[in-house]
Every structure is written in C-alpha cells, then in structure tokens.
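Summary of structural features
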Amino acid sequence: MRTVILGVIGSDAHVVGITILERAFEAAGFNVVNLGVQSSQSEFIDAADEHDAEAILVSSLYGHAEQDCQGFQQQINEAGLDVTTYIGGNLAVGQDSFEETRETFKALGFDRVFDSETDPEEAIEALKADLGHRSREEASSEKVQLGS
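Residues numbered from 1 in each chain as written. Predicted model: local features only at pLDDT ≥ 70, side-chain atom pairs only at ≥ 80, totals over all residues. Heavy atoms only, no water.

- An unreviewed UniProt entry lists the chain under the name Glutamate mutase sigma subunit, with Haloarcula hispanica given as the organism.
- For the record of the chain, the UniProt heading Function (unreviewed entry) holds the text "Catalyzes the carbon skeleton rearrangement of L-glutamate to L-threo-3-methylaspartate ((2S,3S)-3-methylaspartate)."
- Regarding the chain, the relevant UniProt record gives this comment under Catalytic activity (unreviewed entry): "(2S,3S)-3-methyl-L-aspartate = L-glutamate". (UniProt positions renumbered as here; feature names shortened; annotations may be inferred.)

Quick look at the structure:
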C-alpha cells in the first residue's frame, strides 16, 4: 500500500477539506498519514521520511499558500526525499486567474496544483497515474479489449 502525507500548511486551520481527502484516498487504497491543520514544512518532510511516503499532499484554504510554501521543494530535496508533491485549495487571496496561480506553484516545485473546486477523485486518479498505478477498472477494460 502506498503512503501519502496529507495536511494543511501554515497557519491555516481549515479541517473539513483534508478530512474529505483523507477518506477518499483511503477508500482508493492509499495509506494516509494526516498531519491535520497548521502543519509546518518540516512536519510534512519529517512525516514523509518517517513513513517512506511516495507523495505529499498540501492543502490550504486561507489564501496564503505561496508564502507558506516558499522553499518547500528545496527542503524536500535537501532531505533526500523522492516524493510527488500536490497542492490544492484556495491558494491565493483575490486570485484573478487560476492558471497564474497554477504556474506560481509549479514554479515553487509542486507537481500538480488543484483549485478548491477539484473533486477528490480527480486528484486520486492523477496520483495513481503519477505513481504508475493503474486502477482495476483500467486493467479489466484492457483485458476485455485484449481478449476480444
């Protein structure tokens, strides 16, 4: 079972979103280590190292994620971790264009960036693809196609 680290970064105390994500990722077969709210960069990194995680999923809804994530990828690299990093939520106060926000967080080193309207299933499928997972449905449909 693949392990993911999930938490809300910085001073953000919004818990509902990560609770939904935790349940969705667990239902999809992931081992989820939920750090909860107001998590520091070092808490994410320490947990990823301790649990041999393959991904770090960062949530932020209070609009200050850019400030909270400055230097995060550098710290991950310095810790010698090979993890996929996702961030999602309401990432910027008064954001005009989510594409601009996405580019900002890609430049900070995140592999994928999601807005607050993203369905958890979209993130799950993206992570499966990024980690080389194939869902049972995909494997079954391939077998049907190969066998016909």
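From this point, the discussion proceeds with the structure in view.
**Structural notes on the packing of helix α1 (residues 16-27) against helix α6 (residues 120-130)**
- Relative to each other, α1 and α6 sit at 50°, their axes nearing to 10 Å. Relative to α6, α1 is oriented oblique. For α1 against α6, the interelement crossing comes out right-handed. Residues I20, L21, A24 and F25 of α1 form the contact with α6, whose own contacting residues are P120, A123, I124 and L127.
- Tallied by class, the residues present in the contact of α1 with α6 amount to eight nonpolar, no polar and no charged. (Axes fitted to C-alpha atoms, helices over the stretch in contact; angles between N-to-C directions. Helix = DSSP H or I, 4+ residues; strand = E, 2+ residues; numbered from the N terminus. Parallel < 35°, antiparallel > 145°, perpendicular 65-115°, else oblique. Left-handed = near helix turned anticlockwise from the far one by under 90°. Contact = heavy atoms within 4.5 Å. Nonpolar A, V, L, I, M, F, W, Y, C, P; charged D, E, K, R; others polar.)

**Some details on the layout of surface pockets**
- Approximately 370 Å³ is the volume attributed to the largest pocket.
- As for the largest pocket, its lining consists of 21 residues, and the residues nearest its centre are L21, G88, G89, D115 and T118.
- Looking at which element gives the most residues to the lining of the largest pocket, the answer is α1, with five residues.
- Across the lining of the largest pocket, the residue classes break down as 13 nonpolar, six polar and two charged. (1 Å grid on protein atoms, 1.4 Å probe; cavity = no way out; pocket = protein on both sides within 12 Å on 5 of 7 lines; lining within 4 Å. Points joined across faces, edges and corners; volume = space filled by probe spheres on them.)

**Brief notes about the environment of G109**
- Mapped onto the elements of the fold, G109 is located in the loop between α5 (98-107) and β5 (112-115).
- Sequence separation between G109 and T85 is 24 residues, and the spatial gap between their C-alpha atoms is 7.9 Å.

**Things to note about the nonpolar core**
- Judged by nonpolar contacts, the single largest core of 23 residues is most densely connected at I5, I56, V58, F72, I87, F105 and F110.
- Among the elements that make up this core, the one with the highest residue count is helix α2 (residues 41-50) (four residues).
- Discounting residues that sit within four places of it in the chain, F105 has contacts with A65, E66, I87, L91, F110 and V113.
- Counting residues in each nonpolar core, the second largest holds 17 residues, with I18, A24, F30 and V32 among its members. (Core = buried A, V, L, I, M, F, W, Y, C linked by side-chain atoms within 4.5 Å. Buried < 20%, exposed > 50% of the residue type's maximum accessible area, 1.4 Å probe, protein only.)

**Quick word on the pairing of strand β3 (residues 55-60)**
- Burial analysis of β3 places six of its six residues in the buried class, the great majority of the element.
- Both faces of β3 are covered, namely the face carrying A55, L57 and S59 and the face carrying I56, V58 and S60.
- As judged from the five bridges shared by strand β1 (residues 3-8) and β3, these two strands associate in the parallel manner. Counted as the bridge partner of L6 is L57 from β3. (Pairing = 2+ DSSP bridges.)

**Regarding the sheet that holds β1**
- Spatial strand order, β2-β1-β3-β4-β5: five strands in an open sheet with parallel pairing. A strand with exactly one partner marks an edge of an open sheet, and here the two such strands are β2 (31-34) and β5. On average, adjacent strands in this sheet sit at an angle of 20° to one another, irrespective of strand direction.
- Across the sheet, α2 lies against β1 and β3, angled at about 165° from β1, the strand it touches most.
- Across the sheet, α6 is in contact with β1, β3, β4 (84-89) and β5; its angle to β4 comes to roughly 170°.

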